[in-house]
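Below, each chain spelled out in residue letters.
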Amino acid sequence: NGGLLRPLERRMARFLLPRVPLWLETYHLTLLTPVWSMLMVAFSYFAARDLRWLWMVNLMIVCHYFTDHFDGKLGKYRNTGLYKWGFYMDHLFDYGFLTSILIGYALLIPERAYFNLLLVLCVFSAFMFHTFLMLAAKEGFTVSFLCFGPTEMRIGLIVCNALLVKFGIRPLKGVLPWIAGCGVVALGVLAYRAQQKLWRHDMMSRSQDREN
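Residues numbered from 1 in each chain as written. Predicted model: local features only at pLDDT ≥ 70, side-chain atom pairs only at ≥ 80, totals over all residues. Heavy atoms only, no water.

## Section: unusual backbone geometry
Item 1. Positive phi outside glycine occurs at Asn79, with the angle close to 60 degrees.
Item 2. Along the chain, the position of Asn79 falls in the loop between helix 4 (54-78) and helix 5 (83-106).
Item 3. With relative accessibility at 64%, the residue Asn79 sits in the exposed group. (Helix = DSSP H or I, 4+ residues; strand = E, 2+ residues; numbered from the N terminus. Buried < 20%, exposed > 50% of the residue type's maximum accessible area, 1.4 Å probe, protein only.)

## Considerations on a nonpolar patch on the surface
Item 1. On the surface, a cluster of nonpolar side chains totalling about 740 Å² of accessible area is made up of Tyr45, Phe46, Trp53, Met56, Leu59, Val62, Phe66, Ile103 and Leu107.
Item 2. Counting only elements with at least two residues in the nonpolar patch, the list comes to helix 3 (33-47) and helix 4.
Item 3. Here Ile103 is to be found in helix 5. (Patch = residues over 30% accessible without salt bridge, like charges linked within 9 Å, V, L, I, M, F, W, Y side chains within 5 Å. Areas by Shrake-Rupley, 256 points an atom, 1.4 Å probe, with all protein chains shown as cover. Salt bridge = Lys/Arg side-chain N within 4 Å of Asp/Glu carboxyl O.)

## A closer look at the nonpolar core
Item 1. Counting 23 residues, the largest nonpolar core has Met40, Tyr105 and Leu117 as the members making the most contacts within it.
Item 2. Here the element with the most residues in this core is helix 5; it accounts for 5 residues.
Item 3. Of all hydrophobic cores here, the second largest spans 6 residues; its members include Ala13, Leu17, Leu29 and Phe70. (Core = buried A, V, L, I, M, F, W, Y, C linked by side-chain atoms within 4.5 Å.)

## So, the pattern of salt bridges
Item 1. Under the definition given, this model contains 2 salt bridges.
Item 2. Two residues, Arg52 and Asp50, come together in a salt bridge whose shortest N-O distance is 2.9 Å.
Item 3. Assessed through its relative accessible area of 58%, Arg52 is described here as exposed.

## Regarding the packing of aromatic side chains
The relation between two aromatic rings is expressed through the spacing of the ring centres and the mutual angle of the planes.
Item 1. This structure, assessed with the given rule, holds 7 aromatic pairs.
Item 2. Here Phe87 and Phe132 contribute two aromatic rings whose centre-to-centre distance is 6.1 Å and whose plane-to-plane angle is 85 degrees, an arrangement assigned as edge-to-face. Taken together, the residues Phe87 in helix 5 and Phe132 in helix 6 (residues 114-138) connect sequence positions 45 residues apart.
Item 3. By relative accessible area, which is 33% here, Phe87 ends up partly exposed.
Item 4. Considering the side-chain rings of Phe124 and Phe127, the 5.9 Å spacing of their centres and the 40 degrees angle between planes classify their relative orientation as tilted. Linking Phe124 with Phe127, this pair stays in helix 6, spanning 3 residues, or about one helical turn.
Item 5. The class for Phe124 is partly exposed, based on a relative accessible area of 25%.
Item 6. Residue classification places Phe127 among the buried positions, given a relative accessible area of 11%.
Item 7. One aromatic cluster is present, formed by Phe43, Tyr45, Phe46 and Trp53 through successive ring pairs.
Item 8. For Arg19, the ring lying beneath its charged end belongs to Phe15, and the centroid distance is 4.0 Å.
Item 9. Here the basic side chain of Arg49 rests over the ring of Tyr45, its NZ or CZ set 4.3 Å away from the ring centre. (Phe/Tyr/Trp six-rings, centres within 6.5 Å; stacked < 30°, edge-to-face > 60°. Lys NZ or Arg CZ within 6 Å of the ring centre and 35° of its normal.)

See below:
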């Protein structure tokens, strides 16, 4: 499974991977995520005074896309991957990046909107929780949901920030409950489909055990 832009990303990877400098290793790319996260919070702090700083936030999102998307692919391409270390650190840092996004928005909105922002954090954290539960249950790993993956989410954030620069933060306060609500619905669909797949898997395994 993958996002809508997965075919384009594959073509881009075939073009870019042979051109990555030899001194740049997969773990260098992974370790850049905390840098983008801290800079994102810093630029969001400045954006609280001048929303044009959100363009720098968007730049950090783009930088994170390239380092996060290509760290594992570079390791596989060169056969120099640190698979267990990379898996752990990559997803740990990704959670830090998610929280840095929401911390950045918390610097922009009034305190009375913090509860809605907390709901958004809970919902998107639940998506990550779902991913690792499915990994444990089926030994399959996917970070795309209903054809919507990390790349599409980043594009949505970039568009959102561009709209905030143009129209101000007032729309953000009203849209947060809708983001949380849509996330809950999508999470419910995922959970329903996941339990169906796992139920069928368990029933098949039980039938095979009885036959044996």
